[in-house]
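In case you want the letters, here they are:
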Amino acid sequence: MIFTTAAVLGATLGTASGILTLCGLSLICRSCKKGKLESGEDADPEKAKPSVLHSSQQFSVEKSTEPIQPRTLLKFPKIYKPKPSVTSSEVISYPDHASEKGGEPSPEGPSTEPDAGNQATDSSDTFTILRQDSKDETPCARDLTNGMTTSSSIFHPKLHFSLTYYTDQNELHITVIEAEHLCVGSGCEGYVAGVLTFAAGQREAQTSSRRLTSHTRWEEGLVFSLPGGYEVEGEVALSLHSCDRFSQNTNLGVMRFKLVDVGMMSNADCWVDLQPPKQQDVQSAGELLLSISYLPAANRLGVVVMKARGLQSDKLKDSIDLSVKLALKHQTTKLKKKQTRRVKHKMNPVWNEMMMLEVPRELLSKSSLDLEVLNQAGPGEQESLGRCQLGLHASNTGLQHWQQMLDNPRKQIAMWHPLYD
């Protein structure tokens, strides 16, 4: 028993002494290794390995008052634009057209304008598009300011003519030379008509028809006989007319001068701006309230058909089932048709419907809106109560409303429009 206890105690003491010996050797090795490292660093401090203990030597923080400039972007973001979905032969691909002329496309920076959707805001554009002079056969001259065509940049047609009065024959000769800045559809022909109005009556003359382009020449004469001379009360009106393939005659503009001014204008070349013709005094068939706006970022035209009033009651005796049909036209080509819902049993109907139409900003000057109020008189039978037109070739409120829309992009503008049969 005593021998067993002594053996166990000896084994335990031997194990403990072995462990202590190993721990001591381990500590001695670590201290030696550490000493060698410190001696190496003192000998060559440049070759010392980086360590968290030398953070103050690795990082040197300097304070500066100069503003930090952002790095310049070397590439412009690619901007995708909607393609014009029109079928008219006059419409061209503007980027391709610019490359054909030899001009390099101007880089466009990213637009910071949000897509407002159907809402209109009063914020201004933050992008600029460089002006490129178009060489289209029948262009409408326009100045692109912030990518929009403004009404102040629209040129009216100009007429170049000269006149001479022959006293021995008592005749007034007017030579129609040429016309410029014409915005007409392809295949249209036109002529210049002259009307002499004085006490003895009214006399008319006109040139031959020529195919209309942006610059059309006639070099033809109009002759008016004045037996009493030109120093009488009267006036001469020169008007430019276009006629399309459907034989629809349109007055593009007119100018007037008094007979007493013939002596001052004789033997002189005259350039005049043709003014839109005056609307004939015709009783309207009612009024239609419209609100329009254009969103340049989305290339969308918003039309809100709000309500109508003063419709002719004699056409609404049997049934009242009213709607408004809208047609978007580019020159003479209809691009899109839409129609509101029908409102029954109301003489002053209210629709308040918005219609969104995709119109590239380059085509605004040649586009127009035709609206027609219809009554569903019976199954499959619709009766027209009146029409109105909006565009740069319209007159009165139709022209004013379109000009205000061009001058105020992204802003809803409402106006009453008279309806005519």
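Nothing here was measured: the structure is a model prediction, and the numbers come from that model.

Q: Run through the overall build of the protein chain, naming residues and quoting values.
A: A tally of regular secondary structure across the protein chain gives five helices and 20 strands. Residue burial in the protein chain is summarised as follows: out of 421 residues, 37% are buried. The long-range share in the protein chain, meaning contacts at least 24 apart out of those at least 6 apart in sequence, stands at 65%. Summed over its atoms, the accessible surface of the protein chain is roughly 26100 Å², and 52% of this surface lies on carbon and sulfur atoms.

Q: Before we move on, can you summarise the sheet that holds strand β17 (residues 350-358) with the specific residues and values?
A: Strand order in the open sheet formed by four strands is β17-β13-β12-β20, and the pairing between neighbours is antiparallel. This sheet does not close on itself; its edge strands, each paired only once, are β17 and β20 (413-418). Neighbour-to-neighbour, the strand axes of this sheet turn through a mean angle of 25°, independent of strand direction.

Q: Tell me about a nonpolar patch on the surface, and please be specific about residues and values.
A: Taken together, the side chains of Leu-22, Leu-25 and Ile-28 make up a nonpolar region of the molecular surface, amounting to roughly 310 Å² of accessible area. Residue placement: Ile-28 occurs in helix α1 (residues 2-43). Looking at Ile-28, the relative accessible area reads 49%, which means it is partly exposed.

Q: How would you explain the sheet that holds strand β3 (residues 158-166) if you had to name every residue and give the values?
A: Strands pair in a sheet through their backbones, by hydrogen bonds, and they do so in one of two ways: parallel or antiparallel. Taking strand neighbours across the sheet as the criterion, the four strands line up as β8-β4-β3-β11 in an open arrangement whose pairing is antiparallel. Because the sheet does not close on itself, it has two edges, and the strands there are β8 (215-225) and β11 (268-273). Averaged over all pairs of adjacent strands, the angle between their axes in this sheet comes to 20°, without regard to strand direction.

Q: Before we move on, can you summarise the side chain of Ser-291 with the specific residues and values?
A: With respect to the element layout, Ser-291 can be found in strand β12 (residues 287-295). A polar atom in the side chain of Ser-291 sits 2.6 Å from the side chain of Gln-412. Once you skip the residues sitting within four places of it in the chain, Ser-291 turns out to touch Gly-302, Val-303, Val-304, Met-306, Gln-412, Ile-413 and Ala-414.

Q: Describe the packing of aromatic side chains, with residues and values.
A: One pass over the structure, following the stated rule, counts two aromatic pairs. Judged by centre distance (6.3 Å) and plane angle (15°), the rings of Phe-161 and Phe-257 are stacked. Here Phe-161 is found in strand β3, whereas its partner Phe-257 is found in strand β10 (residues 249-258), with 96 residues between them in sequence. Here Phe-161 and Phe-257 have matching classes, each one buried. Seen in terms of ring centroids, Tyr-165 and Tyr-230 are 5.0 Å apart; in terms of plane orientation they differ by 80°. Their pairing is edge-to-face.

Q: Can you explain the confidence of the model for the protein chain? Please cite residues and give values.
A: For the protein chain, per-residue confidence averages 75 on the pLDDT scale, and 67% of positions sit at 70 or higher. Contacts from residues 45-57, a stretch scored under 50 in pLDDT, to residues over four places away or in other chains number four contacts. Under a pLDDT of 50 for its full length, residues 80-147 has, in the predicted model, 115 contacts with residues more than four places off or in other chains.

Q: Give me the lowdown on the pattern of salt bridges, citing residues and values where you can.
A: Side-chain pairs of opposite charge can arise whenever the charged atoms involved come near each other. Tallied over the full model, the rule gives 12 salt bridges. When salt bridges with common partners are traced through the structure, they connect Glu-178, Arg-217 and Glu-219 into a single cluster.

Q: Account for the pairing of strand β13 (residues 300-309), naming residues and giving values.
A: Within a regular beta strand, the side chains point alternately toward one face of the sheet and then the other, so they alternate between its two faces. As defined by bridge partners, β12 adjoins β13 across nine bridges and the pair is classed as antiparallel. By the bridge assignment for β13, Leu-288 is matched with Ala-308. Between β12 and β13, which follow one another and run antiparallel, lie four residues, and Asn-299 among them has a positive phi close to 55°. Alignment of β13 against β17, held across seven bridges, turns out to be antiparallel.

Q: Lay out helix α5 (residues 397-407) in plain terms, naming residues and giving numbers.
A: Taken together, the buried positions of α5 are occupied by Gly-398, Leu-399, His-401, Trp-402, Met-405 and Leu-406. One side of α5 holds all its buried residues, which, seen down the axis, span an arc of 165°.

Q: Outline the nonpolar core, listing residues and values.
A: Formed by 33 residues in total, the largest nonpolar core has its most connected members in Leu-288, Leu-301, Leu-369, Leu-371 and Trp-402. At the level of elements, β12, β13, β14 (321-330), β17, β18 (367-378), β19 (381-391) and α5 are the ones that each hand at least two residues to this core. Not counting chain neighbours up to four residues away, the residues in contact with Leu-369 comprise Leu-301, Val-303, Leu-326, Ala-327, Leu-328, Leu-357, Cys-388, Gln-389, Leu-390 and Trp-402. One finds Tyr-165, Val-184, Cys-188 and Leu-222 within the second-largest nonpolar core, a separate group that totals 31 residues.

Q: Describe in detail the environment of Lys-317, supporting the description with residues and values.
A: For Lys-317, the position within the fold is in the loop between β13 and β14. In this structure the C-alpha to C-alpha distance between Lys-317 and Ala-377, which are 60 residues apart in sequence, comes to 9.6 Å.

Q: Can you break down the pairing of strand β15 (residues 333-339) residue by residue, with the values?
A: As defined by bridge partners, β14 adjoins β15 across six bridges and the pair is classed as antiparallel. Its bridge partner being in β15, Leu-326 is matched across the sheet by Lys-338. The antiparallel pairing of β14 with β15 creates a hairpin that spans two residues between the two strands, and Gln-331 there sits at a positive phi of about 60°.

Q: I'd love a proper account of unusual backbone geometry, names of residues and values included.
A: Of note, Asn-299 is a non-glycine position whose phi angle comes to about 55°, a positive value. Assessed through its relative accessible area of 8%, Asn-299 is described here as buried. Positive phi values are uncommon outside glycine, yet His-345 reaches one of about 60°. With respect to the element layout, His-345 can be found in the loop between β16 (343-344) and β17.

Parameters at a glance
Residues numbered from 1 in each chain as written. Predicted model: local features only at pLDDT ≥ 70, side-chain atom pairs only at ≥ 80, totals over all residues. Heavy atoms only, no water. Helix = DSSP H or I, 4+ residues; strand = E, 2+ residues; numbered from the N terminus. Buried < 20%, exposed > 50% of the residue type's maximum accessible area, 1.4 Å probe, protein only. Contact = heavy atoms within 4.5 Å. Areas by Shrake-Rupley, 256 points an atom, 1.4 Å probe, with all protein chains shown as cover. Pairing = 2+ DSSP bridges. Axes fitted to C-alpha atoms, helices over the stretch in contact; angles between N-to-C directions. Patch = residues over 30% accessible without salt bridge, like charges linked within 9 Å, V, L, I, M, F, W, Y side chains within 5 Å. Salt bridge = Lys/Arg side-chain N within 4 Å of Asp/Glu carboxyl O. Polar contact = N/O pair within 3.5 Å; in protein donor to acceptor, adjacent residues only side chain to side chain. Phe/Tyr/Trp six-rings, centres within 6.5 Å; stacked < 30°, edge-to-face > 60°. pLDDT = per-residue confidence, 0-100. Arc of directions from axis to C-beta. Core = buried A, V, L, I, M, F, W, Y, C linked by side-chain atoms within 4.5 Å.

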